Amino acid sequence: MLATIETQETETEAQLGGIAADRLRSIIERVERLEEERKALASDIKDIFTEAKSAGFDVRTIKQIIRLRKQEPAEIEEQETLLDIYRRALGM
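Residues numbered from 1 in each chain as written. Predicted model: local features only at pLDDT ≥ 70, side-chain atom pairs only at ≥ 80, totals over all residues. Heavy atoms only, no water.

Considerations on the overall build of the protein chain
Moving on, step 1. Along its length, the protein chain carries three helices and zero strands.
Moving on, step 2. In the protein chain, which comprises 92 residues, the share counted as buried stands at 4%.
Moving on, step 3. Summed over all atoms, the accessible surface of the protein chain reaches about 8,800 Å², with 57% contributed by carbon and sulfur. (Helix = DSSP H or I, 4+ residues; strand = E, 2+ residues; numbered from the N terminus. Buried < 20%, exposed > 50% of the residue type's maximum accessible area, 1.4 Å probe, protein only. Areas by Shrake-Rupley, 256 points an atom, 1.4 Å probe, with all protein chains shown as cover.)

Printed below as a string of structure tokens:
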């Protein structure tokens, strides 16, 4: 009877381990797929910046505008005010 209980426990652990392993594999594969997508998107973004540069646009300025568009108007105004104050302090 003890052997039967031990066998049942081993089978239960294997099933639980199998389920956990399947779940873990699923999570890892999903992350890997997303990383592949991110890599493809980064390549697409790089291509767009190359296109912008070849059209005569300044890529650094475009990136700065993209950062600004993510901010709230009050944050932008505060940064511009501080930049102006610092420029005046330096006589620029």
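Considerations on the pattern of salt bridges
Moving on, step 1. Throughout the structure, instances matching the rule amount to two salt bridges.
Moving on, step 2. Between Asp 22 and Arg 25 there is a salt bridge; the shortest N-O distance is 3.1 Å. Linking Asp 22 with Arg 25, this pair stays in helix H1 (residues 2-54), spanning three residues, or about one helical turn.
Moving on, step 3. Given the relative accessible area of 48%, Asp 22 is considered partly exposed.
Moving on, step 4. The residue Arg 88 makes a salt bridge to Asp 84 at a minimum N-O spacing of 3.0 Å. Taken together, the positions of Arg 88 and Asp 84, both in helix H3 (residues 73-89) and four residues apart, correspond to about one turn of that helix. (Salt bridge = Lys/Arg side-chain N within 4 Å of Asp/Glu carboxyl O.)

Things to note about H3
Moving on, step 1. The first and last C-alpha atoms of H3 sit 24 Å apart over 17 residues, in line with the 24 Å expected at 1.5 Å per residue.
Moving on, step 2. Downstream of H3 by a residue or two, Gly 91 has a phi angle that is positive, lying close to 70°. (Expected span 1.5 Å × (residues − 1).)

Focus on a negative patch on the surface
Moving on, step 1. A grouping of Glu 29, Glu 32, Glu 35 and Glu 36 is seen on the molecular surface, where their side chains present a negatively charged patch.
Moving on, step 2. On the secondary structure map, Glu 32 appears in helix H1.
Moving on, step 3. In this structure Glu 32 comes out as partly exposed when scored by relative accessible area, which is 44%. (Patch = residues over 30% accessible without salt bridge, like charges linked within 9 Å, V, L, I, M, F, W, Y side chains within 5 Å. Lys, Arg positive; Asp, Glu negative; His and termini not counted. Charge placed at Lys NZ, Arg CZ, Asp CG, Glu CD.)

Quick notes on the environment of Phe 57
Moving on, step 1. Structurally, Phe 57 can be placed in the loop between H1 and helix H2 (59-69).
Moving on, step 2. For Phe 57, a relative accessible area of 52% puts it in the exposed group.

Brief notes about a nonpolar patch on the surface
Moving on, step 1. Taken together, Leu 82, Ile 85 and Tyr 86 make up a surface patch of nonpolar side chains, about 300 Å² in accessible area.
Moving on, step 2. Tracing the backbone through its elements, the reader meets Leu 82 in helix H3.
Moving on, step 3. For Leu 82, a relative accessible area of 36% gives the class partly exposed.

Brief notes about the confidence of the model for the protein chain
Moving on, step 1. Overall, the predicted model of the protein chain reaches an average pLDDT of 88, with 80% of residues at or above 70.
Moving on, step 2. Here H1 stands out as the least confident element of the protein chain, with mean pLDDT 83; H2 is the most confident, with 96. (pLDDT = per-residue confidence, 0-100.)

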